[in-house]
Amino acid sequence: MLFSILAVDIPAAAEIVNEKFAVEVISNYPYDGKFSVVVKKGGKFDLSVRIPLWCKKYQTPDQGSVSNSYWSLSKEFADGERFEFEYDMVPLAASCAIF
C-alpha cells in the first residue's frame, strides 16, 4: 500500500464583527504559536482566548487573568488595542492502526 500526506496551507485567522465590537485574530498557525488579537472597533465587552489543554507553556498579556483554560479580560477596549499571545508548539507523536 502507498500512503501519502496531503499538506494544506491554511493559516488560522479570523475576524469577528457585530454592531457592538469587532476583533481580528492574526496568526501563522500551525507554523508557530504566536498570534495577536486586535480590537478593530472598541467598546465594553469580555474578551476570552482559549488555551488548549495540549499547551503546557504559554505567554499571555499582562492584563487579564487565566482561569479554566481561558485568558480573559473585561473592560472598555479602545480601537487598535493589540494583545500578543504565544503557545508552545511542541510536536507530538501519534500513531494509528492501519487496516
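Predicted, not measured: the structure shown is a model, and the values here were computed from it. (Residues numbered from 1 in each chain as written. Predicted model: local features only at pLDDT ≥ 70, side-chain atom pairs only at ≥ 80, totals over all residues. Heavy atoms only, no water.)

Draft legend 1. Up close: the sheet that holds strand E2 (residues 22-27). As summarised here, the arrangement of the five strands in space is E1-E2-E3-E8-E5, forming an open sheet in which the pairing is antiparallel. The strands lining the two open edges of the sheet, one partner per strand, are strand E1 (14-17) and strand E5 (58-59). Where strand E3 (residues 34-41) meets strand E8 (residues 82-87), five bridges bridge the pair, whose relative direction is antiparallel. The residue bridging Val37 from the neighbouring strand is Phe83, located in E8. (Pairing = 2+ DSSP bridges. Helix = DSSP H or I, 4+ residues; strand = E, 2+ residues; numbered from the N terminus.)

Draft legend 2. Region of the structure containing the sheet that holds strand E4 (residues 43-50). The sheet built from three strands is open, its strands ordered E4-E7-E6 with antiparallel pairing. Edge strands, defined here as strands with exactly one partner in the open sheet, are E4 and strand E6 (65-67). Averaged over all adjacent pairs, the angle separating strand axes in this sheet is 25 degrees, with direction ignored. Bridge count between E6 and strand E7 (residues 70-77): three bridges; the pairing is antiparallel. (Axes fitted to C-alpha atoms, helices over the stretch in contact; angles between N-to-C directions.)

Draft legend 3. Structural detail: the pairing of E8. Going residue by residue along E8, you find Phe83, Phe85 and Tyr87 tucked away on one face and Arg82, Glu84 and Glu86 left uncovered on the opposite face. As paired elements, E5 and E8 share two bridges and run antiparallel to each other. Looking at the pairing, Gln59 lines up with Glu86 of E8. (Buried < 20%, exposed > 50% of the residue type's maximum accessible area, 1.4 Å probe, protein only.)

Draft legend 4. Summary view of unusual backbone geometry. Unusually for a residue other than glycine, Asn68 sits at a positive phi of about 50 degrees. Position of Asn68 relative to the elements: it lies in the loop between E6 and E7. The phi angle at Ser69 is positive, at roughly 65 degrees, despite the residue not being glycine. Structurally, Ser69 is set in the loop between E6 and E7. For Ser69, a relative accessible area of 29% corresponds to the partly exposed category.

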